[in-house]
Amino acid sequence: MVRCTKCDKDAVIRINYANLYLCRDHLLEWMTERVRKVAHKYDMFSGSKRIAVAVSGGKDSTSLLHLLKELSTEFGFSLLGVTIDLGISGNNYSSKSVEYAIKNFEMLNVEYRVIDLKKEFGFTIDQAKRRTGRPVCSTCGLTKRYIMEKVAKDEGCDTLATGHNLNDIAQFLLNNYYNGDLLSLARLRPVSPAENGYIKKVKPLFLISEKETMTYAIVKGFPFIYDSCPHTSTVGGQTQDKIRRSIEEIDDKIPGFMISLVENFENKIRPLMEDIPKKTLGKCKICGMPTNNNREICSFCATKIKMSKEIRA
Ligand code: SF4
Ligand code: ZN
Ligand code: ZN
C-alpha cells in the first residue's frame, strides 16, 4: 500500500497532476481547500448570501452540497437544497435519487425543496422521451435548467450552484470546439454573473475531477445514488461519449491534461471571446422567464404545451 504524501497513513487516492498521494483525512482536507482556493481565485461567492444548490442525489452534486455546507460560515452564505423528481422510472432512478438527496439535506440540516415534475408541470421525463421527438437528455437538461433557475429565484436565492466537475467541463469544451460552437464556448465560465434576467451561477467543482468526487463521496461515507440514469446511454450520443473517454485516456498518459485544458481556456482563451455577440433575450409571455433569440415563449413553456397536448391526445 502506498503511503500518504502528508502523513504515514495509507493513501486512498493519487492526485496525478499534483503528484500527491492522500489518505482519507488528507483527501477531505484537500477537497475543501481546493474549493476554497477556486472560490477565492474566481471571486465565486462575493455578494452571495443565499445559494440554491442543485442536488441530483449523485456523487458530484452531493459532494458539492457537503463542501458548500462546510464553507458556508466562512463565506457567509446560507444554502437551499433543490432536487427534482424527474419521473424516470427505470431502476426506480428518480425516486431513489430524491430519497438520497433528502437524506443528505436532513443529515446536514440544510433547508430544501423537492420539485415533482409531474405534479407541478404535468409531465415526466419518461413521457417526454416517448412523445417530444427530441433526444431525451436535451429535454431533461432544458427542464432541469429551467426549474432550478425558477425555484432559486422564487425562493429569494441570489446564486445557483451546480456540481459540474472537471471531466464534464473538459468534455463540454472539446465537444463545442469540435462543433465550432463559439457562443457556447464563450458562455462556459466557473462564475456566470447575474444578467439578462438570469441569476448568478457558479460551478465550484470545475477543477475537481470525477475520480476525486467519487473517492471523496466514498470516504466521507454519505449516501448517494451509485446507479447511472437508465437514459445515460443516449446522453449526447456516441461522439460525446468517445470525446469524454478520449480526454480521460489522455489525462492518464499526460497527468494534468484536463486541468491545463480547462484552466488555460478559462484564464487565457475565454477572455478573448468577450466581444462575441450574445443571443438576444426576450421575456416569456407565459412564465416571465428569459427566452432565447427574443422568442415570445420560452423553450420550457413550449415543451410543456406540447406535452399537455400529446398526453391528452
Ligand atoms: Fe436526464 Fe439524460 Fe441525465 Fe438521465 S442521463 S438525468 S435523462 S440528462
Ligand atoms: Zn495523510
Ligand atoms: Zn416560459
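Just so we're clear, the structure is a prediction, and the values are computed from it rather than from any experiment.

Reading the values: rules and limits
Residues numbered from 1 in each chain as written. Chains lettered and ligands numbered in written order. Predicted model: local features only at pLDDT ≥ 70, side-chain atom pairs only at ≥ 80, totals over all residues. Heavy atoms only, no water. Helix = DSSP H or I, 4+ residues; strand = E, 2+ residues; numbered from the N terminus. Contact = heavy atoms within 4.5 Å. Axes fitted to C-alpha atoms, helices over the stretch in contact; angles between N-to-C directions. Parallel < 35°, antiparallel > 145°, perpendicular 65-115°, else oblique. Left-handed = near helix turned anticlockwise from the far one by under 90°. Nonpolar A, V, L, I, M, F, W, Y, C, P; charged D, E, K, R; others polar. Domains from an automatic or database assignment. Buried area = accessible area lost by both parts, 1.4 Å probe. UniProt positions renumbered as here; feature names shortened; annotations may be inferred. Buried < 20%, exposed > 50% of the residue type's maximum accessible area, 1.4 Å probe, protein only. Polar contact = N/O pair within 3.5 Å; in protein donor to acceptor, adjacent residues only side chain to side chain. Donors = N, O, S within 2.8 Å, 3.2 Å for Na, K, Ca; no water. Tetrahedral: all angles 85-135°; square planar, octahedral: opposite > 155°, others 65-115°. Phe/Tyr/Trp six-rings, centres within 6.5 Å; stacked < 30°, edge-to-face > 60°. Pairing = 2+ DSSP bridges. Right-handed = clockwise from strand over helix to strand, strands pointing away.

## Side note on the environment of Val12
Within the element layout of this structure, Val12 appears in the segment before β1 (13-15). Separated by 231 residues in the primary sequence, Val12 and Ile243 have C-alpha atoms spaced 28 Å apart. In contact with Val12, other than residues within four places in its own chain, are Leu22, Cys23, Arg24, Leu27, Thr215 and Val219.

## Some details on the packing of helix α6 (residues 136-154) against helix α12 (residues 299-312)
Interaxial distance between α6 and α12 falls to 10 Å at its minimum, and their mutual angle equals 120 degrees. By the angle between their axes, α6 is oblique relative to α12. Crossing handedness for the pair α6 and α12: left-handed. The residues of α12 that touch α6, namely those facing Thr139, Leu142, Thr143 and Tyr146, are Ser299, Phe300, Cys301 and Thr303. Of the residues assigned to the contact of α6 with α12, the class counts are 4 nonpolar, 4 polar and no charged.

## Observations regarding the domain arrangement of the protein
Domain annotation for the protein reports domain 1 (45-273) and domain 2 (279-313). Look at where the C-alpha atoms of domain 1 and domain 2 centre, and you get two points 23 Å apart. Listed by partner, the interface residues are 21 residues for domain 1 and 16 residues for domain 2. Each partner contributes to the roughly 1600 Å² buried at the junction of domain 1 and domain 2, and carbon and sulfur atoms together form 75% of this total.

## Notes on the UniProt feature "binding site: ATP" (unreviewed entry) in the protein
UniProt's entry tags Ala54, Val55, Ser56, Asp60, Ile84, Gly163 and Asp168 with the feature "binding site: ATP" (unreviewed entry), counted in the numbering of this structure. Exposure remark for Ser56: the relative accessible area of 38% places this residue in the partly exposed category. Those residues in contact with Ser56 that lie beyond four places of it in its chain are Ser61, Thr83 and Ser97. A distance of 3.2 Å separates a polar atom in the side chain of Ser56 from the backbone nitrogen of Gly58. In this structure, Ile84 sits in strand β4 (residues 78-85). Taking relative accessible area as the criterion, Ile84 reaches 11% and is therefore assigned buried.

## Quick word on the coordination of the zinc ion (ligand 3)
Around a metal, the perfect tetrahedron of four donors has angles of 109.5 degrees, and the perfect octahedron of six donors has angles of 90 or 180 degrees. Only Cys284 (SG), Cys287 (SG), Cys298 (SG) and Cys301 (SG) from the protein reach the zinc ion (ligand 3) as donors, at distances of 2.3 Å. What the 4 donor atoms of the zinc ion (ligand 3) show is an angle range of 105 to 113 degrees at the metal, which sorts the shape as tetrahedral. Read in sequence order, the donor residues coordinating the zinc ion (ligand 3) give the pattern C-x2-C-x10-C-x2-C. With Cys287 in the loop between β9 (282-283) and β10 (290-291) and Cys301 in helix α12, the pair connects residues that are 14 residues apart, well separated along the chain.

## Quick word on the packing of aromatic side chains
Considering all chains together, one arrives at 12 aromatic pairs under this definition. Look at Phe45 and Phe75: their rings are 5.3 Å apart centre to centre, the planes differ by 75 degrees, and that puts the pair in the edge-to-face class. Placement of Phe45 in the loop between α1 (24-41) and β3 (50-54) and of Phe75 in helix α2 (residues 59-75) is noted, with a sequence separation of 30 residues between them. Side by side, Phe45 and Phe75 carry an identical accessibility label, which is buried. An aromatic cluster of three or more residues is present, and its members are Phe121, Phe123, Tyr146 and Phe300.

## Thoughts on the sheet that holds strand β7 (residues 191-192)
Spatially, 6 strands are ordered β5-β4-β3-β6-β8-β7 in an open sheet, and the strand pairing comes out mixed. The sheet terminates laterally at β5 (111-116) and β7, the two strands that pair on one side only. Bridge count for β7 against strand β8 (residues 200-202) is 2 bridges, and the pairing is antiparallel. Looking across to β8, one finds that Val191 is bridged to Val202. Of the strands in this sheet, β3, β4 and β6 (159-161) are in contact with α2, which crosses β3 at around 160 degrees.

## What to know about the pairing of β4
Looking along a regular strand, one sees the side chains alternate between the two faces of the sheet. In terms of burial, β4 is largely enclosed, as 6 of its 8 residues are buried. Alignment of β3 against β4, held across 5 bridges, turns out to be parallel. By the bridge assignment for β4, Ile51 is matched with Leu79. Read as a crossover between parallel neighbours, the route from β3 over α2 to β4 is right-handed. With 6 bridges connecting them, β4 and β5 associate as parallel partners. When the bridges of β5 are listed, Ile84 appears paired with Ile115.

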